[in-house]
Amino acid sequence: MARNKTDNFLRAIKKYAKAQSTLLQTEVKQLKSERIKEAEETAHRDSERLIKDKLHEKRNHEMAVLAKKTQEGQKELFVERTKMTGEIFSKASDKLIDFTKTDEYTQRLCNSAKAIAELFGDRDCVLYVNERDLGTAESFRDFFAGKVEAKADKTIKIGGIKGYCPEMAIIADETLDTKLEAQREWFIENATLSVL
């Protein structure tokens, strides 16, 4: 009987141990499953964050490259527009120099001198012209009521006339150089040059 009790006791212990073992295995499986799920979720979050960071980094890099290319393109465009503007105004200057060899130019010079004479009235003044127009400018003395001195001005490359009245502290600039330069400023502001 004692053996039977011992056998029953041992069986009960084995049964209890087996139940505990099954329970522990179930808990371990559940814990393992939860840890795996946790690890998967963490890995998923980390990979999403890494992908997001990499995409952000790539986007920033691409935007920097695009900004640099845009800046380089604008610089090239500016250089090309400046070159085109220079060529256009160089040709215009050449045409104006050709114009200064005509009778129409001499008449325009005469009209400019009359306008300057009217502006200065009977005050003394100095007329500045391109060196080739110095002889013509001498003939304008009759238009002026005050004393007039004609001088060659090396800054006048194309032509025209510039009058200076010291008493009024006024310069009347009727030079083609100044008028062309004013057109250049207007052209730069308003021309929509397309560079192909």
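Note that this is a predicted model, so its numbers are computed, not measured. Within each chain, residues carry numbers counting from 1 in the order of the written sequence. In keeping with the predicted nature of the model, local features appear solely for residues at pLDDT of at least 70, side-chain atom pairs appear and are counted solely at 80 or more, and the whole-chain, interface and lining totals rest on all residues. Note that water and hydrogens are dropped before the side-chain values are worked out from all heavy atoms of the structure.

1. Thoughts on helix α4 (residues 176–190)
Working step 1: Only runs of H or I of at least four residues qualify as helices and only runs of E of at least two qualify as strands under DSSP, and these elements are numbered from the N terminus. By this rule, a helix spans an expected 1.5 Å times one less than how many residues it contains. Counted at 1.5 Å a residue, the expected span for α4 with its 15 residues is 21 Å, and the 21 Å between its end C-alpha atoms agrees.
Working step 2: Burial classes follow relative accessibility: with a 1.4 Å probe on protein chains only, a residue under 20% of its type's maximum area counts as buried, one over 50% as exposed, and anything between as partly exposed. Residues of α4 that are buried: Leu 176, Asp 177, Leu 180 and Phe 187. Buried residues along α4 cover an arc of 95° about the axis, so they all sit on one side. For α4, exposure combined with an orientation more than 90 degrees from the buried face picks out Trp 186 and Glu 189. This arc is built from the directions going out from the helix axis to the C-beta atoms.

2. Some thoughts on the packing of aromatic side chains
Working step 1: To pair, rings of Phe, Tyr and Trp, with the six-membered ring standing in for Trp, must have centres within 6.5 Å; the planes then decide the type, stacked if under 30 degrees apart, edge-to-face if over 60, and tilted in the middle. According to the stated counting rule, one finds three aromatic pairs in the structure shown.
Working step 2: Consider the rings of Phe 140 and Phe 143, whose centres lie 5.6 Å apart with planes at 20°: the pair is stacked.
Working step 3: Exposure remark for Phe 140: the relative accessible area of 3% places this residue in the buried category.

3. Side note on a nonpolar patch on the surface
Working step 1: Each patch groups residues whose relative accessible area exceeds 30% and which form no salt bridge, using 9 Å between like charges and 5 Å between nonpolar side chains of Val, Leu, Ile, Met, Phe, Trp and Tyr. Exposure was quantified through the Shrake-Rupley algorithm and a 1.4 Å probe, taking into account, for residues, occlusion by the shown protein chains and nothing else. When a carboxyl oxygen of Asp or Glu is within 4 Å of a side-chain nitrogen of Lys or Arg, the pair counts as a salt bridge. Together, Phe 9, Leu 10 and Ile 13 give the surface a local cluster of nonpolar side chains, amounting to about 300 Å² of exposed area.
Working step 2: Here Phe 9 lies in helix α1 (residues 2–99).
Working step 3: Here Phe 9 falls in the exposed class, since its relative accessible area comes to 55%.

4. Structural notes on the nonpolar core
Generally speaking, a soluble globular protein has its nonpolar side chains buried in company with each other.
Working step 1: The criterion is simple. A nonpolar core is a set of buried Ala, Val, Leu, Ile, Met, Phe, Trp, Tyr and Cys residues joined through side-chain atoms within 4.5 Å. In terms of nonpolar packing, the biggest core is built from 23 residues, with Ile 116, Phe 120, Cys 125, Leu 127, Phe 140, Phe 144 and Ile 161 touching the most fellow members.
Working step 2: The set of elements that each furnish at least two residues to this core consists of α2 (103–120), β1 (125–129), β2 (148–152), β3 (160–165) and α4.
Working step 3: Those residues in contact with Ile 116 that lie beyond four places of it in its chain are Leu 127, Phe 144, Ile 161, Lys 162, Gly 163, Ala 172 and Glu 174. The contact definition used throughout considers only heavy atoms, calling two residues in contact when any of these lie within 4.5 Å.

5. Quick word on the sheet that holds β1
To summarise the sheet geometry, strands pair through backbone hydrogen bonds and adopt either a parallel or an antiparallel arrangement.
Working step 1: For two strands to be treated as a pair, DSSP must find at least two bridges joining them. The strand order across the open sheet formed by four strands is β2-β1-β3-β4, and the pairing between neighbours is mixed. Edge positions in the open sheet fall to β2 and β4 (170–175), since each of these has one partner strand only. Across the sheet, the axes of successive neighbouring strands diverge by a mean angle of 20°, strand direction being ignored.
Working step 2: Bridge count between β1 and β3: four bridges; the pairing is antiparallel. Looking at β3, one finds that Val 129 is bridged to Ile 161.
Working step 3: Axis definition: a line fitted to C-alpha atoms, limited for helices to the stretch in contact. Angles are taken between N-to-C directions and run from 0 to 180 degrees. Relative to β3, α2 is tilted by about 15°, and along the sheet it contacts β1, β3 and β4.

6. Topic: empty space enclosed by the protein
Working step 1: With a 1 Å grid laid over protein atoms only, a set of points is called a cavity when a 1.4 Å probe fits there but cannot get out and a pocket when it is open yet has protein on both sides within 12 Å along at least five of seven lines; lining residues have an atom within 4 Å of a point. Grid points are joined across faces, edges and corners, and a volume is the space filled by probe spheres set on the points. All told, the structure shown has one cavity of 30 Å³ or more when counted by the stated rule.
Working step 2: One number sums up the size of the largest cavity: a volume of about 30 Å³.
Working step 3: Every residue along the wall of the largest cavity is listed here: Tyr 105, Arg 108, Leu 109, Ser 112, Gly 160, Ile 161, Glu 174 and Leu 176.
Working step 4: At four residues, α2 tops the list of elements feeding residues into the lining of the largest cavity.

7. Digging into the pattern of salt bridges
Working step 1: Summed over the entire model, instances satisfying the criterion amount to eight salt bridges.
Working step 2: Where Arg 49 meets Asp 46, a salt bridge forms, and the shortest distance between an N and an O atom there is 3.2 Å. Highlighted residues: Arg 49 and Asp 46, both in helix α1, separated by three residues, approximately one helical turn.
Working step 3: In this structure, the salt-bridge partner of Lys 179 is Glu 174, at a minimum N-O distance of 3.5 Å.
Working step 4: Residue classification places Lys 179 among the partly exposed residues on the basis of a relative accessible area of 33%.

8. Brief notes about the side chain of Ser 93
Working step 1: Position of Ser 93 relative to the elements: it lies in helix α1.
Working step 2: For Ser 93, a relative accessible area of 17% puts it in the buried group.
Working step 3: Ignoring anything within four residues of it in the chain, the contact list for Ser 93 reads Ile 158 and Leu 180.

9. Here's the deal with the side chain of Asp 153
Working step 1: Looking at where Asp 153 falls in the secondary structure, it is placed in the loop between β2 and β3.
Working step 2: N or O atoms closer than or at 3.5 Å make up a polar contact, with two conditions inside protein: a donor-capable atom paired with an acceptor-capable one, and, for residues adjacent in sequence, both atoms drawn from side chains. Here the side chain of Asp 153 touches Thr 155 through a polar contact of 2.6 Å, side chain to side chain.
Working step 3: Beyond its immediate sequence surroundings of up to four residues, Asp 153 is in contact with Tyr 128, Val 129, Asn 130 and Lys 162.

In short, the description is geometric, and any link to function would need to be established separately.
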